[in-house]
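Architecture at a glance
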Amino acid sequence: MATETLKIEISWPASIEVPEGATVNAQVWVGTETADYRMISDGDICAPAATSPATLELTYDSEDLQSDSATAWNYLRTSPYLMHNGKRLNIARLAKVSIEEARQSGWKIAIS
């Protein structure tokens, strides 16, 4: 069992008005290229949305990336969004990345 930290850099356009106290949120799922199977974040992870980009950090056990079957899980997925006072400020769009790419170069997502 080894722990890893995934850093997700999330940026948004200046056209989205982001009030003071807003956060950028995401849930991270692991699966195949076409489907999700297990959430590896414990609910939403979040960070202050004071400036774009913001960085979310998720520490997880590497065993969380292993399938219980013969299926190879090799992709991460999320739909990040900005939130303030219980309201979403943007429409979340699905983003995915291969686990290897995320490990090598991090994960950068631009939301709209």
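Reading guide: rules and limits
Along each chain, the written sequence defines residue order, and numbers are assigned to residues from 1. pLDDT decides what is reported in this predicted model: residues at 70 or higher carry local features, side-chain atom pairs at 80 or more are listed and counted, and totals for whole chains, interfaces and linings draw on all residues regardless. To get the side-chain values, all heavy atoms of the structure are used, and hydrogens and water are removed first. Two rings from Phe, Tyr or Trp (for Trp, the six-membered ring) form a pair when their centres are within 6.5 Å of each other. A pair whose planes differ by under 30 degrees is stacked, one over 60 is edge-to-face, and the rest are tilted. Consider the ring centre and the ring normal. A charge sits over the ring if Lys NZ or Arg CZ is within 6 Å of that centre and within 35 degrees of that normal. By definition here, a salt bridge exists when the distance from a side-chain nitrogen of Lys or Arg to a carboxyl oxygen of Asp or Glu is within 4 Å. Secondary structure elements are defined from DSSP: runs of H or I of at least 4 residues count as helices, runs of E of at least 2 residues count as strands, and each element is numbered from the N terminus. Accessibility here uses a 1.4 Å probe with only protein chains present; expressed as a share of the type maximum, an area under 20% marks a residue as buried, one over 50% as exposed, and anything in between as partly exposed. The criterion for strand pairing is that DSSP finds at least two bridges linking the strands in question. In this analysis, axes come from line fits to C-alpha atoms, helices being fitted only over the stretch in contact, and the angle between any two N-to-C directions falls in the range 0 to 180 degrees.

Inspection of the entire model under this criterion finds one aromatic pair. We note Arg88 situated over the ring of Tyr81; from NZ or CZ to the ring centre the distance is 3.6 Å.

A separate point is the pattern of salt bridges. For the structure shown, the criterion picks out three salt bridges. Notably, a salt bridge pairs Glu4 with Arg103, separated by 2.9 Å at the nearest N-O pair. Of this pair, Glu4 sits in strand β1 (residues 3-11) while Arg103 sits in helix α1 (residues 99-105), and the two are 99 residues apart along the sequence. Linking Arg103 and Glu100 is a salt bridge whose minimum nitrogen-to-oxygen distance equals 3.3 Å. On the criterion of helical spacing, the pair formed by Arg103 and Glu100 is a turn pair, its members being three residues apart in helix α1. A relative accessible area of 40% places Arg103 in the partly exposed class. One salt-bridge network, held together by shared partners, links Glu4, Glu100 and Arg103.

A word on the sheet that holds strand β10 (residues 95-98). With respect to topology, four strands assemble into an open sheet ordered β4-β3-β7-β10, the strand pairing being antiparallel. Both outer strands of the open sheet, β4 (36-39) and β10, are each paired with one neighbouring strand and no more. The mean inter-strand angle of the sheet, taken between neighbouring strand axes irrespective of direction, is 30°. With three bridges joining them, strand β3 (residues 29-31) and strand β7 (residues 75-78) adopt antiparallel strand pairing. Looking across to β7, one finds that Trp29 is bridged to Arg77.

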